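# Coordinates in review
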Amino acid sequence: MISSQHIYMHLLPLALLFVAMKIGLYTYDKRRTRTTKLPGSQFYLILTAVFGIILMLLTINPDNGWSDLQRITGCALLGHLIINWDGIRRSKSWIYTSELVRILVTCTVLILFINLTQKPVLLIIFLCYHLYSFIQIIRFYRPRSRF
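Structure report, in brief. (Residues numbered from 1 in each chain as written. Predicted model: local features only at pLDDT ≥ 70, side-chain atom pairs only at ≥ 80, totals over all residues. Heavy atoms only, no water.)

### Observations regarding helix α3 (residues 68-89)
The test is simple: Each helix is a run of DSSP H or I of at least 4 residues and each strand a run of E of at least 2, with the numbering of both proceeding from the N terminus. For a helix, the expected span equals 1.5 Å multiplied by the residue count minus one. The buried label goes to any residue with under 20% of its type's maximum accessible area, the exposed label to any with over 50%, and the partly exposed label to all in between, with areas taken from a 1.4 Å probe on protein chains only.
End to end, α3 covers 32 Å across 22 residues, agreeing with the expected 32 Å (1.5 Å per residue, within 8%). For α3, the complete set of buried residues consists of Gln70, Arg71, Gly74, Cys75, Leu77, Leu78, Gly79, Leu81, Asn84, Asp86, Gly87 and Ile88.

### Focus: the environment of glycine 52
Rule in force here: Contact definition: two residues touch when any of their heavy atoms are within 4.5 Å.
Relative to the elements of secondary structure, glycine 52 occurs in helix α2 (residues 41-60). Judged by its relative accessible area of 6%, glycine 52 falls in the buried class. Expressed as a C-alpha distance, the spacing of glycine 52 and glycine 79, which sit 27 residues apart in the sequence, is 9.3 Å. Residues in contact with glycine 52, not counting those within four places in the same chain, are Leu78 and Leu81.

### Things to note about the packing of aromatic side chains
Our working rule: Centres within 6.5 Å make a pair out of two Phe, Tyr or Trp rings, where for Trp the six-membered ring is used; the pair is then stacked when the planes are under 30 degrees apart, edge-to-face when over 60, and tilted otherwise.
Summed over all chains, the structure comprises four aromatic pairs. Ring centres 6.2 Å apart and planes at 45° place the aromatic pair phenylalanine 51 and phenylalanine 126 in the tilted group. With phenylalanine 51 in helix α2 and phenylalanine 126 in helix α5 (residues 120-140), this residue pair connects regions lying 75 residues apart in the sequence. Assessed through its relative accessible area of 9%, phenylalanine 126 is described here as buried. On the basis of an interplanar angle of 25° and a centroid distance of 4.9 Å, the ring pair of phenylalanine 51 and tyrosine 129 is categorised as stacked. One end of the pair, phenylalanine 51, is in helix α2; the other, tyrosine 129, is in helix α5, with 78 residues separating them in the sequence.

Okay, here's the thing in structure tokens:
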């Protein structure tokens, strides 16, 4: 039998997305908005989507031994990833700072939650992805000087 606690944990990512839509993060007016595609963003967005799916599966898996606080933290990280994904897609100016914060917090939190030091192959894959993300953000998404 599935407990109500498991049902709530499965619905939390959807609730975060609903809140993001309600506060206006997903409003889009095609008449006023013209964005330029950031260089290298397509491959980066695909990798980020794959990482987001893995994070979602880790968060909703009832057998991974995460506490409720860890699951809520995982959902918050997933929500931050989704918001940043949309910011990159729409070439927002705040994406540089927000994505750097997301990468650093996600690395720290997931290494502690999953205990990746005991799984060196996963640790190497995880760190390679985040190192690539960090380099991509520094290289392409840094705000340009106005002068």
